[in-house]
Amino acid sequence: DFSQTGTGSTSLGQSVSADTISFSGPVTVTSDVTLSSNAGIVFSDTVDGEGDVNSLTLSALGSVVFEKAVGSSSPIGGFTVTQAESLTLADVTTQGNITIDPPVSLSQDISLSSGGGSITLSSDVSGTYALTLNADIGAINVQNLGCTSTSTFLDTITLTGGDITLGGTVATSTSDGSLNITNSGTLSILSGAVSLSGSFNQTGSGTTLLSQNITASKSLSFQGPISLENSVTLTGVNDVTLEGDLSAQSAYDLTLNSTSGSITTGAIGSNENPLGQVSISALSSYTLSDIVTLGKSITVSSEALIDSSSTLDTTAGGAESNGATISLSKTVNSKEGSSPASLALLAGSSEIILDGEVGVDAALSTFSANGGSILAAGSIVTEDSIDLTGAVLLSETLTLQAGGSITASSFDTNASAGSAQSLTLSAKQDVTFDRIGQNNVAGSLPFNNINITAESIYQRGDVSASGAIEYVATSANTAEIRGNITSTGSSITISGSVELPADATLTLSAGSS
């Protein structure tokens, strides 16, 4: 056995191998030292270095215990524990690498600081205390933080380094159980889910490689860009914020949930790196950004706000012509305090579902939708143009109000509406459309009333309704009509001159005068 007793200090400059090793007084490491024990190693007082260059390496078949801090007055050069049945740590400060191979059970809040060297924890860390790892620009590699098998989860975890790798699960259970990560290099979350009783906060400019789900009982935020390496779900009880752009190495799915807050993101996917299915749900609102998928659906199940022009595209820039469904289940408006912005929806030959009104509370700049069909309800209001390419199916009365022009393919009443609906088109410039209410879509119903007001009206096909039809050309006083107009139960009114193509015949059929 090797035992130092008393309160006097020890200058440790030679390696020691013994059954048990213990130091009662403070220790100064004066050269590179290795302590090897067939039983246990105990430091009852502080351990410091001399000149920041001398390293301490420990190996024990039993327990290793540090009752007080290592390197608090003068950092040691490096710190390594290669073997221990159990390891009890206090704070450790070095100017070199920190490597701990055995499991660590925290008995107090601890901080490991390597001064730019790497920090490696090769086994589980457990205990209901806070853990801080600060490698400056050095790498951090850890395994499980919070042991799920024994349910001994950690308190707040703070990691600062260059490249940071979470090699296992991360779990916290206290009221302050947040995970705070600052990475100047690459953050890799590839090997285990993250479940937190507090917040998840990533700061720093480094990219995050992400293939695991993250659940936070408070907020969830990423400052840097994200690259998906698998399909993931990110859930925060409070706000979810992705400041950087998010891309994918393949068409992986992304689900974002905020159960009581809002969601804000940078661009999600691109034509070069599109995602799979994207689903976004927030109790409060989602601030729209560009979203690109490769033939997979985009679903936004919350109020959508726009503070800059955004495009939702399920065709990946035309690479997948069939696209997929785009569904906005609640209202869409320009964000308060922002200038009106544009929204474009590109669904290829798939459907676009607008279950809420667009721009009614705060008008958009422009709105365009291009899909096989467009299921619309309520109103769409813009300061400039509205452009709808695809069969527009009304589930309830629809009003389009544009400060510029309105361009549309066709309008029909969706069978799911259960009754005939009315259509109002109002533009300060032109209104152009192919046809209205000709029942060319299976199950569609006749229109009730149709009212169109614009500088000029360009009708390219037939129009029919069961109620009144009224055209008002406000400035150019021109209605260019290339089809018939039929009202089966009410009047037809056209205010302004009518232009017909050469050799064309216009038939007006009204159910009443």
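Above this note sits the structure.
Residues numbered from 1 in each chain as written. Predicted model: local features only at pLDDT ≥ 70, side-chain atom pairs only at ≥ 80, totals over all residues. Heavy atoms only, no water.

Undergrad: Describe the overall build of the protein, listing the residues and the values that go with them.
TA: Counting its regular elements, the protein contains zero helices and 59 strands. Expected size for 513 residues packed as a compact globule is a radius of gyration near 24 Å; at 33 Å, the protein overshoots this value by more than 25%. Projecting the C-alpha coordinates of the protein onto the three principal axes gives extents of approximately 115 × 35 × 35 Å. The buried share of the protein, reckoned over its 513 residues, is 49%. Taking as baseline every contact in the protein between residues at least 6 positions apart, the subset at least 24 positions apart corresponds to 29%. For the protein, the exposed area adds up to about 19,000 Å²; of that, 42% sits on carbon and sulfur atoms. Side chains of the protein give 9 positive and 46 negative charges; the mean places of these two sets differ by 13 Å. (Helix = DSSP H or I, 4+ residues; strand = E, 2+ residues; numbered from the N terminus. Rg over C-alpha atoms; globule rule 2.2 N^0.38 Å. Buried < 20%, exposed > 50% of the residue type's maximum accessible area, 1.4 Å probe, protein only. Contact = heavy atoms within 4.5 Å. Areas by Shrake-Rupley, 256 points an atom, 1.4 Å probe, with all protein chains shown as cover. Lys, Arg positive; Asp, Glu negative; His and termini not counted. Charge placed at Lys NZ, Arg CZ, Asp CG, Glu CD.)

Undergrad: Give a description of unusual backbone geometry that names residues and reports values.
TA: Although it is not a glycine, Asp136 adopts a positive phi angle of roughly 55°. For Asp136, the position within the fold is in the loop between strand 19 (131-134) and strand 20 (140-142). Take Asp136: its relative accessible area is 46%, and that puts it in the partly exposed class. Located in the positive-phi region is Ala316, a residue other than glycine, with phi close to 55°. One can find Ala316 in the loop between strand 42 (310-313) and strand 43 (326-328). By relative accessible area, Ala316 is classed as buried at 6%.

Undergrad: Describe the pattern of salt bridges, listing the residues and the values that go with them.
TA: Per the counting criterion, the structure on display carries four salt bridges. Between Asp45 and Lys68 there is a salt bridge, with the nearest N and O atoms lying 3.8 Å from each other. Pair noted here: Asp45 is in the loop between strand 7 (41-43) and strand 8 (47-49) and Lys68 is in the loop between strand 10 (63-66) and strand 11 (78-83), with a separation of 23 residues, a long-range link. For Lys68, a relative accessible area of 39% corresponds to the partly exposed category. Among the ionic contacts, a cluster of salt bridges with common partners joins Arg460, Glu480 and Arg482. (Salt bridge = Lys/Arg side-chain N within 4 Å of Asp/Glu carboxyl O.)

Undergrad: Before we move on, can you summarise the sheet that holds strand 34 (residues 246-248) with the specific residues and values?
TA: Strand order across the open sheet formed by 12 strands is 3-6-9-11-14-17-20-22-25-28-31-34, with parallel pairing between neighbours. Pairing within the sheet leaves two strands with one partner each, and these edge strands are strand 3 (16-18) and strand 34. Strand-to-strand, the axes of this sheet are offset by a mean angle of 10°, without reference to chain direction. (Pairing = 2+ DSSP bridges. Axes fitted to C-alpha atoms, helices over the stretch in contact; angles between N-to-C directions.)

Undergrad: Before we move on, could you go through the nonpolar core and cite the residues and values that matter?
TA: One recurring pattern in soluble globular proteins: nonpolar side chains tend to sit buried together. The biggest cluster of nonpolar side chains holds 127 residues, and the ones touching the most others in it are Leu35, Phe79, Phe367 and Phe411. The leading source of residues in this core is strand 48 (residues 386-402), at seven residues. The contact partners of Leu35, leaving out residues within four places of it in the chain, are Leu12, Val16, Ile21, Phe23, Ile41, Phe43, Leu56, Thr57, Leu58 and Ser59. (Core = buried A, V, L, I, M, F, W, Y, C linked by side-chain atoms within 4.5 Å.)

Undergrad: An account of the packing of aromatic side chains is needed here, citing residue identities and associated values.
TA: Counted according to the given criterion, the structure contains five aromatic pairs. Ring centres of Phe200 and Phe222 lie 4.9 Å apart, and the angle between their planes is 40°; on these two criteria the pair is classed as tilted. Placement of the pair is Phe200 in strand 27 (residues 200-203) and Phe222 in strand 30 (residues 220-222), with a sequence separation of 22 residues. Each member of the pair, Phe200 as well as Phe222, is classed as buried. (Phe/Tyr/Trp six-rings, centres within 6.5 Å; stacked < 30°, edge-to-face > 60°.)

Undergrad: Give a detailed account of the pairing of strand 48, specifying residues and quantitative values.
TA: Note that strand 47 (residues 367-382) and strand 48 share 13 bridges and pair parallel. Across the sheet, residue Gly378 finds its bridge partner in strand 48, namely Leu398. Both strand 48 and strand 49 (residues 406-413) contribute to a ladder of seven bridges, which runs parallel. Paired with Leu388 across the two strands is Ala408, which belongs to strand 49. Relative to strand 50 (residues 423-427), strand 48 is paired through five bridges, and the arrangement is parallel. Its bridge partner being in strand 50, Gln401 is matched across the sheet by Ser426.

Undergrad: Go over the sheet that holds strand 5 (residues 27-29) with me, naming the residues and quoting the values.
TA: If you walk across this open sheet you meet the three strands as 2-5-8, and the pairing is parallel. Each having just a single partner strand, strand 2 (10-12) and strand 8 make up the two edges of the open sheet. With strand direction ignored, the average angle separating the axes of adjacent strands in the sheet is 25°. Relative to strand 8, strand 5 is paired through three bridges, and the arrangement is parallel. Paired with Thr28 across the two strands is Asp48, which belongs to strand 8.

Undergrad: Which residues make up the pairing of strand 16 (residues 110-113), and what values go with them?
TA: What you see with strand 16 is a clean split: Ile110 and Leu112 sit on the buried side and Ser111 and Ser113 on the side with no burial. Examined bridge by bridge, strand 13 (residues 92-93) and strand 16 share two bridges and lie parallel to one another. Paired with Val92 across the two strands is Leu112, which belongs to strand 16. Bridge count for strand 16 against strand 19 is four bridges, and the pairing is parallel. Looking at the pairing, Leu112 lines up with Leu133 of strand 19.

Undergrad: Report on the environment of Leu388, specifying residues and quantitative values.
TA: Structurally, the position occupied by Leu388 is in strand 48. Assessed through its relative accessible area of 2%, Leu388 is described here as buried. Leu388 sits 18 residues away from Ile406 along the chain, and the two C-alpha atoms are 8.1 Å apart. Ignoring anything within four residues of it in the chain, the contact list for Leu388 reads Phe367, Ala369, Ile374, Leu400, Thr407, Ala408 and Ser409.

Undergrad: So what's going on with a negative patch on the surface? Which residues, and what values?
TA: A contiguous patch of negative charge, built from Asp355, Glu357, Asp361 and Glu396, is present on the exposed surface. Relative to the elements of secondary structure, Asp355 occurs in the loop between strand 46 (351-354) and strand 47. (Patch = residues over 30% accessible without salt bridge, like charges linked within 9 Å, V, L, I, M, F, W, Y side chains within 5 Å.)

Undergrad: Tell me about the side chain of Ser199, residues and numbers included.
TA: Mapping Ser199 onto the fold places it in the loop between strand 26 (194-196) and strand 27. Residues within four places of Ser199 in sequence aside, it is in contact with Gly177, Ser178, Leu179, Ala216, Lys218 and Ser219.

Undergrad: Before we move on, can you summarise the environment of Phe200 with the specific residues and values?
TA: When its relative accessible area of 0% is taken as the criterion, Phe200 is described as buried. In this structure the C-alpha to C-alpha distance between Phe200 and Glu351, which are 151 residues apart in sequence, comes to 36 Å. The contacts of Phe200, once residues within four sequence positions are left out, are Leu179, Ile181, Ile189, Ile214, Ala216, Ser219, Leu220, Ser221 and Phe222.

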